[in-house]
Amino acid sequence: LNSFQQKFIRKPNSFGYTITYKLPADKQVSIIIYNVLGQKIAEPVSDDSFQEEGIHTITLDANYMRLVNGIYFIEFRSKDFRKSIKVVRTSVDYK
């Protein structure tokens, strides 16, 4: 069992989502957000991002990305791992 699977979590907050993940080794990773139609909305961590082993945290600001209410999929990818999670955006507060 890949230790990354155990550590990939998301927590909703007032701005969007905080994602914490643990990499068992140094690797290239990407995190991509898709809408329900499969269209890429954002790529907060790009394909060529090399990250060191350990715990990483990113915050996705739904207001900044202009995400409207709806269903989205956050996909984590590395050379040997892929995982998607579904998130639901239920409030929008553009300021």
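Parameters at a glance
- Positions within a chain are numbered from 1, following the residues in the order the chain's sequence is written.
- Where totals are concerned, whole chains, interfaces and linings use all residues; where local detail is concerned, this predicted model gives features only for residues with pLDDT of at least 70, and gives and counts side-chain atom pairs only at 80 or more.
- Excluding hydrogens and water, the side-chain figures rest on all heavy atoms present in the structure.
- If DSSP finds at least two bridges between two strands, the strands pair.
- We count a stretch as a helix when DSSP gives it H or I for four or more residues in a row; a strand needs E for two or more, and each element gets its number in order from the N terminus.
- Axis geometry follows a simple rule: fit a line to the C-alpha atoms, using only the stretch in contact for helices, then measure angles between N-to-C directions, giving values from 0 to 180 degrees.
- Any pair of Phe, Tyr and Trp rings, taking the six-membered ring for Trp, is counted once the centres come within 6.5 Å. Such a pair is stacked with planes under 30 degrees apart, edge-to-face with planes over 60 apart, and tilted for the rest.
- Accessible area is worked out with a 1.4 Å probe on protein chains only. A residue is then buried under 20% of its type maximum, exposed over 50%, and partly exposed in between.
- Take the buried residues of types Ala, Val, Leu, Ile, Met, Phe, Trp, Tyr and Cys, join any two whose side-chain atoms come within 4.5 Å, and each joined set is a nonpolar core.
- Detection works on a 1 Å grid of protein atoms alone, calling trapped sets that fit a 1.4 Å probe cavities and calling open sets with protein on both sides within 12 Å along at least five of seven lines pockets, with lining residues defined by an atom within 4 Å of a point.
- Grid points are joined across faces, edges and corners, and a volume is the space filled by probe spheres set on the points.
- The classification used treats Ala, Val, Leu, Ile, Met, Phe, Trp, Tyr, Cys and Pro as nonpolar, Asp, Glu, Lys and Arg as charged, and all other residues, Gly among them, as polar.

1. Things to note about the sheet that holds strand β4 (residues 40–51)
Hydrogen bonds between backbone groups are what pair the strands of a sheet, and the pairing can be parallel or antiparallel.
Right, so step 1: Read across the sheet, four strands follow the order β4-β3-β6-β7 without closing on themselves; strand pairing throughout is antiparallel. Because the sheet does not close on itself, it has two edges, and the strands there are β4 and β7 (81–89). Averaged over all pairs of adjacent strands, the angle between their axes in this sheet comes to 10 degrees, without regard to strand direction.
Right, so step 2: Pairing analysis gives six bridges linking strand β3 (residues 27–35) to β4, with the strands arranged antiparallel. Looking across to β4, one finds that Lys27 is bridged to Gln51.

2. Structural notes on the packing of aromatic side chains
Right, so step 1: Counted under the stated rule, the structure contains two aromatic pairs.
Right, so step 2: Each ring, one from Tyr21 and one from Phe76, has its centre 5.2 Å from the other, and the planes form 55 degrees; the classification is tilted. In this pair, Tyr21 is assigned in strand β2 (residues 16–23) and Phe76 in strand β6 (residues 70–78), connecting sequence segments 55 residues apart. A single burial state applies to Tyr21 and to Phe76, both of which are buried.

3. Details of the environment of Asp48
Right, so step 1: For Asp48, the position within the fold is in strand β4.
Right, so step 2: As for Asp48 and Lys27, which are separated by 21 residues in sequence, their C-alpha atoms are 9.7 Å apart.

4. Remarks on the nonpolar core
Right, so step 1: Core analysis: the largest hydrophobic core is formed by 19 residues, its most contacted members being Tyr21, Ile31, Ile74 and Phe76.
Right, so step 2: For this core, the secondary-structure elements that each account for two or more residues are β2, β3, β4, β5 (54–61), β6 and β7.
Right, so step 3: With four residues, the top contributor of residues to this core is β2.

5. A look at the pairing of β3
As a general feature of sheets, a regular strand has side chains that alternate between the two faces.
Right, so step 1: Counting buried residues in β3 gives eight out of nine residues, a clear majority hidden from the surface.
Right, so step 2: Alignment of β3 against β6, held across seven bridges, turns out to be antiparallel. Among the inter-strand pairings, Asn35 is bridged to a residue of β6, identified as Tyr72.

6. Things to note about empty space enclosed by the protein
To locate leftover empty space, one rolls a probe as large as a water molecule over the atoms.
Right, so step 1: In this structure the tally under the stated criterion is one cavity of 30 Å³ or more.
Right, so step 2: Its volume calculated, the largest cavity comes out at about 80 Å³.
Right, so step 3: In terms of lining residues, the largest cavity is bounded by 12 residues, among which Tyr17, Ala62, Leu67, Ile74 and Val87 are the most central.
Right, so step 4: Among the secondary structure elements, those contributing two or more residues to the lining of the largest cavity are β2, β6 and β7.
Right, so step 5: Here the lining of the largest cavity takes three residues from β7, the largest share from any one element.
Right, so step 6: Counted by class, the lining of the largest cavity contains 10 nonpolar, one polar and one charged residues.

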